[in-house]
Amino acid sequence: QVPLVESGGGLVQAGGSLRLSCAHSGRTFSNYRMGWFRQAPGKGREFVAAINLGGAGTRYADSVKGRFTISRDNARNTVHLQMNSLKPEDTAVYYCAASPGLVASEIATTTGGYQYWGQGTQVTVSS
């Protein structure tokens, strides 16, 4: 098991910003590809953003491109999701995900591409 602990969620007005963080307890964090997903009430879990092992490669859902930025700090075993220009439709529980990577460039954008999941942090955007 690789415990993942998310933080940084909360209530914000539309147009505001939040920064989510995910702490990874493993000793080899740099060997894990990381991702963020979200799940709104009554909907399935959807991909938000992903980053490869070294952090040079990223991928975003079209709905968040240009507003959200994923980054990782391998020295602190942490991945972040900076969310700007938030919209009410961004309201959801946000989940951090991790999986061991074999190739530095690989990025996963589906839930099946990840083995480990955090408990989630609620993000609510009011209009």
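What comes next concerns the included structure. (Residues numbered from 1 in each chain as written. Predicted model: local features only at pLDDT ≥ 70, side-chain atom pairs only at ≥ 80, totals over all residues. Heavy atoms only, no water.)

**Quick look at the state of the cysteines**
Applying the stated rule across the entire model yields one disulfide. Bridging C22 to C96, the disulfide has an S-S length of 2.1 Å. Here the disulfide of C22 and C96 is left-handed, its torsion about the S-S bond being about -80°. Highlighted residues: C22 in strand 3 (residues 18-24) and C96 in strand 9 (residues 92-100), separated in sequence by 74 residues. Overall, the relative accessible area of 0% leaves C22 in the buried class. Residue class for C96 comes out buried when judged on its relative accessible area of 0%. (Disulfide = S-S within 2.5 Å. Helix = DSSP H or I, 4+ residues; strand = E, 2+ residues; numbered from the N terminus. Buried < 20%, exposed > 50% of the residue type's maximum accessible area, 1.4 Å probe, protein only.)

**Details of the pattern of salt bridges**
Overall, the coordinates contain six salt bridges when judged by the stated rule. Put simply, E106 and R33 hold a salt bridge, and the shortest N to O gap is 2.5 Å. With E106 in the loop between strand 9 and strand 10 (116-117) and R33 in strand 4 (residues 32-39), this pair connects stretches of sequence that are 73 residues apart. Residue R33 is classed as buried on the basis of its relative accessible area, which comes to 14%. Salt-bridge contacts for R38 lead to E46; the nearest nitrogen and oxygen are separated by 2.6 Å. Classification of E46 as partly exposed rests on a relative accessible area of 38%. (Salt bridge = Lys/Arg side-chain N within 4 Å of Asp/Glu carboxyl O.)

**Here's the deal with the packing of aromatic side chains**
Counting across every chain of the model gives five aromatic pairs. With a centroid separation of 6.3 Å and 55° between ring planes, the pair formed by Y32 and Y116 is classed as tilted. Note that Y32 is positioned in strand 4 and Y116 in strand 10, a separation of 84 residues in sequence. A ring pair is formed by F37 and Y114, whose centres lie 5.5 Å apart and whose planes are at 80°; its orientation type is edge-to-face. Here Y114 lies in the loop between strand 9 and strand 10 and F37 lies in strand 4, a separation of 77 residues in the sequence. (Phe/Tyr/Trp six-rings, centres within 6.5 Å; stacked < 30°, edge-to-face > 60°.)

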